[in-house]
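Chain by chain, the residues run as shown.
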Amino acid sequence: QVQLAESGGGLVQAGGSLRLSCAVSGLSFSRYAMGWFRQAPGKEREFVAAVSWRGGMTNYAEAVKGRFTISRDNGKNTVYLQMNSLKPEDTAVYYCAADGRADWAPGGVSEYDYWGQGTQVTVSS
């Protein structure tokens, strides 16, 4: 059974940092591209960042470039999202996702096969 479990969310003041983790089990982690998405109340789920199988390729949404960093540890079956200089508009539920189709870093919701349950990130002004 495939499981993706996010952790590390919470409440932080604007300008602060958080590090999200996503522990994955039940699949060959090193053969899956991994992505982070977010969904704010009343909005559609949107792409945040993605990383290829060995981390050689990354992809970021324009809104988070220069502030967020995605990374992965294939030995620990875990993907991370380091979020710095957080803004109130970053408030959302953050989801990790896995895509087994290719060694790439896709940005589309429909390109991912498996999803976690999400972790809440709230940034106060």
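Residues numbered from 1 in each chain as written. Predicted model: local features only at pLDDT ≥ 70, side-chain atom pairs only at ≥ 80, totals over all residues. Heavy atoms only, no water.

K.L.:
Explain the side chain of threonine 78 here, please?
P.N.:
With respect to the element layout, threonine 78 can be found in strand β8 (residues 78-83). By relative accessible area, threonine 78 is classed as buried at 9%. From its side chain, threonine 78 meets the backbone oxygen of lysine 76 in a polar contact 2.8 Å long. In this structure threonine 78 touches Ser21, Cys22, Ala23, Phe29, Arg72 and Asp73, once residues within four positions along its chain are discounted. (Helix = DSSP H or I, 4+ residues; strand = E, 2+ residues; numbered from the N terminus. Buried < 20%, exposed > 50% of the residue type's maximum accessible area, 1.4 Å probe, protein only. Polar contact = N/O pair within 3.5 Å; in protein donor to acceptor, adjacent residues only side chain to side chain. Contact = heavy atoms within 4.5 Å.)

K.L.:
What exactly am I supposed to notice about the state of the cysteines here?
P.N.:
Two cysteines form a disulfide when their sulfur atoms are joined by a covalent bond. Per the stated rule, a full pass over the model turns up one disulfide. Disulfide pairing places cysteine 22 opposite cysteine 96 at an S-S distance of 1.9 Å. An S-S torsion of about 45° defines the bridge between cysteine 22 and cysteine 96 as right-handed. Pair noted here: cysteine 22 is in strand β3 (residues 18-25) and cysteine 96 is in strand β9 (residues 92-99), with a separation of 74 residues, a long-range link. Like cysteine 96, cysteine 22 is buried. (Disulfide = S-S within 2.5 Å.)

K.L.:
Is there a simple way to explain the sheet that holds strand β1 (residues 3-7) in this structure?
P.N.:
The strand order across the open sheet formed by four strands is β1-β3-β8-β7, and the pairing between neighbours is antiparallel. If you trace the sheet from one side to the other, it starts and ends with β1 and β7 (68-73), each paired once. Pairs of neighbouring strands in the sheet enclose a mean axial angle of 15°, with direction left out of account. The pairing of β1 with β3 spans five bridges and is antiparallel. Note that in β3 the partner of leucine 4 across the bridge is valine 24. (Pairing = 2+ DSSP bridges. Axes fitted to C-alpha atoms, helices over the stretch in contact; angles between N-to-C directions.)

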